[in-house]
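Residues per chain, in single letters:
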Amino acid sequence: MPTKKNNNQLVTTSEHLLPFIESLPDAVVIVNADHKIVLVNSRTGEMFGYPVDVLKGADLMTIIPELHRGKHRQKVDAYFQKPVNRPMGAQKRFSGVRADGTEVPVDIMINRITLDGVTVAMALIRDVTYQRELEDRLTLDSLTDEMTGFYNRKHFKTRLEAQRSGFLRSGLPTSVIMFDFDHFKHINDQFGHAGGDIVLVNVASMIQKELRPLDVGCRIGGEEFAIILPNTNLESAVAFAERIRQHIERMEFRVEERRFHATVTLGVATFSSMDRTSDAIMKRADEALYAGKAAGRNCVVSQDALTRTEAD
Ligand SMILES: Nc1nc2c(ncn2[C@@H]2O[C@H](COP(=O)(O)OP(=O)(O)OP(=O)(O)O)[C@@H](O)[C@H]2O)c(=O)[nH]1
């Protein structure tokens, strides 16, 4: 019969434990101090895509993603030296690897037992794919603008600050384009709020296609947008802004049978080693943008106002 030692440690045999772990909905993996799997339930086989017999006697690393194996080995050793039982949810994000190489997000609970006279670690492994996807979706939702799919102002500021740190470390330039639609109020007045929304959504979608994977498109206000361009100097950012300006100018929008156009004014700035916070680059881009508005709109103005491309 299974018993408990004074220190609350379960003492049992494989024969007694197996029916119990077979009845659990989670995977159970029992490992000895040499990192060998000594016992698993059928659920483990299903979760990781192996026959149970293959897992029994295998190295624990069989189900640990390659990237984490070194660290995991150390953790197992540390656990056997100083076992601290771990409840579910104690580890932030952890994944196992299936036989086909795909990863399965898991949560793990570990405690120490004596099995067949040997001290082993018993891990209860729960597949948390659903929870992880939900978590990721909620995180993304809190960082993006529902209408355009662009990142929101909060994320823009976080990313910009991260880029500033990166720039100070590496010296690689990062530039920012801020833009605002021209006379957007007229568009809403003439074509309704829904007409205005069509413009915002289509322009965001066009820009998204133009961005490189590292670029970050953000909607930072109602009809105000910003693009973070890592590894891009001021000159290249101005050229990209001009391409966007021309592209938007050529776009045609439709509300029922009515067709119309929209234009934007863009301000471009780049990080300087003097920038103490990311607000400094935003301020320069904003000032350039407003200089563009004052100069007649539908244009690109760089922070040093050296490059200005007027509409034809
Ligand atoms: N359709 C739509 N309109 C919006 C949205 N957010 C803000 N707006 C409108 O955008 C307009 C912005 O107006 P203003 O700030 O006066 O600027 P503007 O008319 O674009 O003029 P300039 O910027 O000076 O060229 C306002 O009428 C807002 O109601 C939105 O999500 N959808």
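Residues numbered from 1 in each chain as written. Predicted model: local features only at pLDDT ≥ 70, side-chain atom pairs only at ≥ 80, totals over all residues. Heavy atoms only, no water.

- Under an unreviewed UniProt entry, the name given to the chain is diguanylate cyclase, and the source organism is Marinobacter qingdaonensis.
- The UniProt entry for the chain carries the following text under Catalytic activity (unreviewed entry): "2 GTP = 3',3'-c-di-GMP + 2 diphosphate". (UniProt positions renumbered as here; feature names shortened; annotations may be inferred.)

**Quick look at the site of the ligand**
- Surveying the vicinity of the ligand reveals 17 residues, the closest of which are His 183, Phe 184, Asp 197, Arg 219 and Arg 297.
- In the environment of the ligand, an oxygen atom lies 3.0 Å from a nitrogen or oxygen atom belonging to the backbone of Lys 185.
- Contacts to the ligand include Arg 219, whose side-chain N or O atom sits 2.6 Å from an oxygen atom.
- Within the complex, 68% of the 660 Å² of free accessible area of the ligand lies under protein.
- For the shell around the ligand, the element with the highest residue contribution is helix H7 (residues 184–210), accounting for seven residues.
- Tallied by class, residues from the shell around the ligand come to four nonpolar, five polar and eight charged. (Near = heavy atom within 4 Å. Polar contact = N/O pair within 3.5 Å; in protein donor to acceptor, adjacent residues only side chain to side chain. Areas by Shrake-Rupley, 256 points an atom, 1.4 Å probe, with all protein chains shown as cover. Helix = DSSP H or I, 4+ residues; strand = E, 2+ residues; numbered from the N terminus. Nonpolar A, V, L, I, M, F, W, Y, C, P; charged D, E, K, R; others polar.)

**Thoughts on the pattern of salt bridges**
- The tally for this structure, following the rule as stated, stands at 20 salt bridges.
- Note that Glu 161 is salt-bridged to Arg 164, the shortest N-O span being 3.0 Å. Separated by three residues within a single helix, Glu 161 and Arg 164 lie in helix H6 (residues 153–170), roughly one turn from each other.
- Taking relative accessible area as the criterion, Glu 161 reaches 28% and is therefore assigned partly exposed.
- In this structure, Glu 210 and Arg 243 form a salt bridge, with 2.8 Å as the shortest nitrogen-oxygen distance. Separated by 33 residues along the polypeptide, Glu 210 in helix H7 and Arg 243 in helix H8 (residues 234–250) bring together distant segments of the chain.
- By relative accessible area, Arg 243 is classed as partly exposed at 47%.
- Residues joined in a network through salt bridges with shared partners are Lys 36, Asp 59 and Arg 73. (Salt bridge = Lys/Arg side-chain N within 4 Å of Asp/Glu carboxyl O. Buried < 20%, exposed > 50% of the residue type's maximum accessible area, 1.4 Å probe, protein only.)

**Brief notes about the packing of aromatic side chains**
- Considering all chains together, one arrives at nine aromatic pairs under this definition.
- Centroid distance Phe 179 to Phe 181: 6.2 Å. Interplanar angle 65°. Geometry classified as edge-to-face.
- Given a relative accessible area of 1%, Phe 181 falls into the buried group.
- Taking 5.2 Å as the distance between ring centres and 10° as the angle between the ring planes, the aromatic pair formed by Phe 179 and Phe 225 counts as stacked. Of this pair, Phe 179 sits in strand S8 (residues 174–181) while Phe 225 sits in strand S10 (residues 224–230); the two residues are 46 residues apart in sequence, bridging distant segments of the chain.
- A relative accessible area of 0% places Phe 179 in the buried class.
- By the ring-pair criterion, three or more aromatic residues cluster together here, those being Phe 150, Phe 179, Phe 181, Phe 184 and Phe 225. (Phe/Tyr/Trp six-rings, centres within 6.5 Å; stacked < 30°, edge-to-face > 60°.)

**Brief notes about the UniProt feature "domain: GGDEF" (unreviewed entry) in the chain**
- The sites that UniProt annotates as "domain: GGDEF" (unreviewed entry) are residues 172–305.
- From the first C-alpha to the last, residues 172–305 spans 22 Å; its make-up is 45% helix and 26% strand.

**Considerations on the nonpolar core**
- Judged by nonpolar contacts, the single largest core of 33 residues is most densely connected at Ile 177, Phe 179, Phe 181, Val 199, Val 203 and Ile 207.
- Counting residues per element, the ones that place at least two in this core are S8, H7, S10, H8, strand S11 (253–255) and strand S13 (264–270).
- When residues of this core are assigned to their parent elements, the largest contribution, nine residues, is made by H7.
- Not counting residues up to four positions away in its chain, the partners in contact with Val 199 are Phe 181, Phe 184, Ile 187, Phe 253, Phe 260 and Ala 262. (Core = buried A, V, L, I, M, F, W, Y, C linked by side-chain atoms within 4.5 Å. Contact = heavy atoms within 4.5 Å.)

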